[in-house]
Amino acid sequence: MSEPAKSLANLTGAADRQAEGLSRRTILNGVAAGTTVACLAPSISAAGPVREAHKPVSVPLPPSRESECGPSRPAPPKRGNQQRYGSDYMIDVMRNLGIRVIAANPGTTFKGLHESLVNHGMTTEPAMDLVTVTHEEISVAFAHGYAKAAGEPMGVFLHSAVGLQHAAMAIYNAWCDRVPVFCVVGAKLDSARRGYPVEWLHSVNDGAALVRDFTKWDDQPASLVNFAESAARALRFAQTPPHGPVLLAVPATLQEDPAEPQAMPPLPTLSLPRSPAGDPEGVERMATMLAQAGSPVLIADRLARSPKGMERLVRLAELLQASVVDLGGRMNFPWRHPLNQTANQDVALGEADVVLGLELTDFWAISTHQLAASAKRLSITSLDLFMKANYQDFQRYTPVDLALAADAEDTLPALIEAVERQLDPKQADRRRQRGERLAEAHREALDRAREAAAIGWDNEPITTGRLCAELYDQIRAEDWCLLSSAIFQQFWPQQLWDARHHYQYIGDSGAYGLGYLPGASVGAAYAHARHGRLAVAIGGDGDLMYAPGALWTAAHHRIPLLYVVHNNGGYHQETMVIQWLAALRERGLNRGQVGNVLLDPLIDFALLARSLGVHAEGPVKKPGDLKEAIARALAVVRKGLPALIDVHAEAR
Ligand SMILES: Cc1ncc(C[n+]2csc(CCOP(=O)(O)OP(=O)(O)O)c2C)c(N)n1
């Protein structure tokens, strides 16, 4: 092993280091509970007065202009006003259905809900939270990340027409990622109550039409009973596999009109159906094929909706001593498990005689390019149960030998039981030997990855291998979680880090719609903060520029997150595409960067982050400076605050 590779082995876990018992739990728990974090990093305090913990602030404002507030502003309610409004009831409905957090950028079409949330939902138990967001795309991305980290959906309030238009791409990401998001959009339906021109511009009769192709369900309730039933139904659909975003367009009149308590319908409760599991005969046949296979491979993409999914895949793989290839849509399988053959997937898939795809989005590419024609193809996916036309996220049609239209996570218990019954005890030695071979292949792949990550160790710009190794070295002893997919960092974390728990990784955006990571990582970090976990994300400079306002939300709500900017000076993915095309057309490579680089002016992400109230380090240009910058930033995150490091790194 080369010298840099040896030191990398130390950094990435080969060295037998004892995890230090550094506990941030109490500090971070305090943040989640909204207590004051008194200690701020010097650079933040230098930038302005030390902020207090987040609490509602009453600031006297000048009266708003009529054109902004409407001509008929209601008289302020008297103190102790006992009048209840439709929106108070709606907040109670959402709370009763398990919605505790709402993200929103304000807009008058949901002002009833907004007011009820702050003066009722947030002031009565169990208290809800309102996350202030600077762009509706960030609201939905926040909820997207939150749902994957928390294992439960949260709500998003959206302004009619314009707000929903901003939110649309993020809803599409959540749809393609099969993640539940509960969207509520205001609807100014009664034209007689549209008081001023802007209200007409922000009115639409069927607002949900804009996103209907990529939401699981929507409705426009016309009464409080209708709202209660539709909210429960929406959350039920959203959380029945395949999960997905849902939307209610709620008339402003229904929100704002008084509602007598005795006229309010009973609060609905949420009864989630059991997930659709594979039929017993199909499961039995599948178990036979797997039990008799010589080289079985289990491929998982969006399998593990919950920790149970990962536990079950481990159990099945260990029973069969099968290779596992993790496509990374979720945290499906421990990254350093000896049966994890993701890094050797070409070999594993090439040798496979039976392949089981678990919630795969694209079986076609694997089936066509990586599997032998003779390999038996098995599939379990809930995508066979529910799909929509128009948007083409269903990928190419793939013929398989046996498909179960079912939720894979909840089909695994029956499959495991059937495999256990069917495994031939006389073949136990053969299976053990197969497992040993796979463990050896895993070890060799890890060694190769360490060697590869050490290449160019002292290079400038900093290599992505060094960036990921140095970061891991400083978090590995803690309860860390990675909120980005590392697709543009050569998957170094998946290759080098040791993720064992389901919460340590949440996959990617779903539709590769950029602008996902800033909001999603802040939303996921918000959920992780309750457990005192150390949340880190590594994202592109181009990606961050779509939604930098998410950093403000992280600062405002004291959300602990280390956001590392992999700053390669632009849209490298697209640079490669244009260069490739220009080369194909024999026009040379040198103009491939035009329209694809962000170098003039060079973006100072540390300055940007500081302006949004986030502690920042960088730009870090020299590899030797990385360690200290990471240490300083992590010190801030451990105190319960966000921090950003701008790293000038190689393209990939
Ligand atoms: C909303 C959206 N716009 C454009 C694209 C096309 N696109 C794919 S990758 C990419 C570049 C992303 O830049 P960055 O995040 O800095 O990553 P890099 O490729 O530079 O490593 C772009 C623009 C997209 N996927 N989503």
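In the nomenclature of an unreviewed UniProt entry, the protein corresponds to Thiamine pyrophosphate enzyme domain protein TPP-binding from the organism Rhizorhabdus wittichii. Under the UniProt heading Sequence similarities (unreviewed entry), the entry covering the protein gives this text: "Belongs to the TPP enzyme family."

K.L.:
Sorry, what's going on with the packing of aromatic side chains here?
P.N.:
How two aromatic rings sit relative to each other is given by the distance of their centres and the angle of their planes. All told, the structure shown has 13 aromatic pairs when counted by the stated rule. With a centroid separation of 5.0 Å and 10 degrees between ring planes, the pair formed by Y472 and W497 is classed as stacked. Placement of the pair is Y472 in helix α18 (residues 464–475) and W497 in the loop between α19 (492–496) and α20 (516–529), with a sequence separation of 25 residues. In this pair, the class of Y472 matches that of W497, namely buried. Through pairs of rings, three or more aromatic residues link up here, namely W335, Y472, W480, W497 and Y505. Across the ring face of F386, the terminal group of K216 is positioned such that the distance to the ring centre comes to 5.2 Å. Geometry around Y503 places R533 over its ring, the cationic atom sitting 3.6 Å from the centre.

K.L.:
Can you help me understand the UniProt feature "domain: Thiamine pyrophosphate enzyme central" (unreviewed entry) in the protein in this one?
P.N.:
The sites that carry the UniProt feature "domain: Thiamine pyrophosphate enzyme central" (unreviewed entry) are, in the present numbering, residues 283–415. Its end C-alpha atoms 6 Å apart, residues 283–415 is made of 35% helix and 18% strand.

K.L.:
What am I meant to see in the layout of surface pockets here?
P.N.:
Space left empty within the atom packing is revealed by a probe, the size of a water molecule, rolled over the atoms. By volume, the second largest pocket is sized at about 980 Å³. Around the second largest pocket, the lining is made up of 41 residues, and of these D301, L327, G328, F491 and Y512 lie nearest the centre. By residue number, the principal contributor to the lining of the second largest pocket is helix α17 (residues 428–454), which donates four residues. Of the residues belonging to the lining of the second largest pocket, the class tally is 16 nonpolar, 16 polar and nine charged.

K.L.:
Explain the nonpolar core to me, please; I cannot follow it from the model alone.
P.N.:
In globular proteins that are soluble, nonpolar side chains generally tend to be buried together. Among the nonpolar cores identified, the biggest contains 63 residues, and F142, I171, V181, L483, L561, Y563 and L644 are the most heavily contacted of them. The dominant element in this core, judged by the number of residues it contributes, is helix α8 (residues 162–176), at nine residues. In this structure L644 touches L544, L551, Y563, V565, F605, A606, A609, V614, H615, A616 and E617, once residues within four positions along its chain are discounted.

K.L.:
How should I be thinking about the pattern of salt bridges in this particular structure?
P.N.:
Between side chains of opposite charge, a pair can form when the charged atoms approach closely. A complete count under the given rule lists 28 salt bridges for this structure. Close ionic contact of R421 with E284 constitutes a salt bridge, the shortest N to O distance being 2.7 Å. Note that R421 is positioned in helix α16 (residues 408–422) and E284 in helix α12 (residues 280–292), a separation of 137 residues in sequence. Residue class for R421 comes out partly exposed when judged on its relative accessible area of 47%. Taking relative accessible area as the criterion, E284 reaches 28% and is therefore assigned partly exposed. The network of salt bridges with shared partners includes R305, R312, D407, E409 and D410.

K.L.:
Even after reading the chapter, I still don't get the packing of α12 against α16, so can you show me in this structure?
P.N.:
Relative placement of two packed helices is described by the angle separating their axes and the distance separating the axes. Axis separation between α12 and α16 bottoms out at 8 Å; the angle between their running directions is 50 degrees. Here α16 runs oblique to α12, going by the angle between their axes. Relative to α16, α12 is oriented so that their crossing is right-handed. Of α16, the residues touching α12 (which contributes V283, E284, M286, A287, T288, L290 and A291) are T411, A414, L415, A418, V419, R421 and Q422.

K.L.:
Is there a simple way to explain the confidence of the model for the protein in this structure?
P.N.:
The predicted coordinates should not be examined in detail at positions where pLDDT is low. Residues at a pLDDT of 70 or more form 88% of the protein, whose mean pLDDT is 90. In this model residues 11–73 is a low-confidence stretch, pLDDT under 50, and it forms 92 contacts with partners more than four residues away in sequence or in other chains. In the model output, the complex is listed with pTM 0.90 alongside ipTM 0.99.

K.L.:
Explain the side chain of N332 to me, please; I cannot follow it from the model alone.
P.N.:
Here N332 is to be found in the loop between β8 (323–326) and α14 (345–351). A distance of 2.9 Å separates a polar side-chain atom of N332 from the backbone nitrogen of A304. Leaving out residues up to four positions away in the same chain, N332 has contacts with A300, D301, R302, L303, A304, M310, L313 and D326.

K.L.:
Whenever I open this one, the packing of helix α5 (residues 86–96) against helix α10 (residues 224–238) confuses me. Can you help?
P.N.:
Where α5 contacts α10, the axes come no closer than 10 Å and their chain directions differ by 20 degrees. Taken together, the axes of α5 and α10 are roughly parallel relative to one another. Here α5 runs over α10; the crossing is right-handed. Listed contacts from α10 to G86, Y89, M90, V93 and M94 of α5 are L224, F227, A228 and A231. Grouping the constituent residues of the contact of α5 with α10 by class yields eight nonpolar, one polar and no charged.

Reading the values: the criteria
Sequence order as written defines the numbering, with residues in each chain counted from 1. With the structure being a predicted model, the display of local features is reserved for residues of pLDDT at least 70 and the display and counting of side-chain atom pairs for 80 or more, all residues being used for whole-chain, interface and lining totals. Side-chain numbers come from the whole structure's heavy atoms, not from hydrogens or water. UniProt positions are given in the numbering used here, feature names are shortened, and annotations may be inferred rather than shown by experiment. Note on ring pairs: Phe, Tyr and Trp rings are taken, using the six-membered ring of Trp, and paired if centres are within 6.5 Å. Classes follow the plane angle, with under 30 degrees stacked, over 60 edge-to-face and the rest tilted. Helix numbering and strand numbering both begin at the N terminus, where a helix is a DSSP run of H or I of at least 4 residues and a strand a DSSP run of E of at least 2. Type-normalised accessible area, obtained with a 1.4 Å probe on protein chains alone, sets the label of each residue: buried when under 20%, exposed when over 50%, and partly exposed for intermediate values. Any Lys NZ or Arg CZ that is within 6 Å of a ring centre and within 35 degrees of that ring's normal is treated as a charge sitting over the ring. The way it works is a 1 Å grid over only the protein atoms, where trapped points that fit a 1.4 Å probe form a cavity and open points with protein on both sides within 12 Å along at least five of seven lines form a pocket, and then any residue with an atom within 4 Å of a point lines it. Grid points are joined across faces, edges and corners, and a volume is the space filled by probe spheres set on the points. By the convention adopted, Pro, Cys, Tyr, Trp, Phe, Met, Ile, Leu, Val and Ala count as nonpolar, Lys, Arg, Asp and Glu as charged, and the other residues, Gly among them, as polar. Here the nonpolar core consists of buried residues drawn from Ala, Val, Leu, Ile, Met, Phe, Trp, Tyr and Cys, with membership extended through side-chain atoms lying within 4.5 Å. The criterion used for residue contact is that any of the two residues' heavy atoms lie within 4.5 Å. Whenever Lys or Arg places a side-chain nitrogen within 4 Å of a carboxyl oxygen from Asp or Glu, that contact is recorded as a salt bridge. To get an axis, a line is fitted to the C-alpha atoms, and for a helix only the part in contact is used. The angle between two axes follows their N-to-C directions and goes from 0 to 180 degrees. Working definition: roughly parallel below 35 degrees, roughly antiparallel above 145 degrees, roughly perpendicular at 65 to 115 degrees, and oblique for all remaining angles. The sense of a crossing depends on the near helix, which, turned anticlockwise from the far helix by less than a right angle, makes the crossing left-handed and, turned clockwise, makes it right-handed. On a range of 0 to 100, pLDDT expresses the predictor's confidence in each residue. Here a polar contact means two N or O atoms within 3.5 Å. Within protein one must be a hydrogen donor candidate and the other an acceptor candidate, and residues neighboring in sequence count only if both atoms are side-chain atoms.

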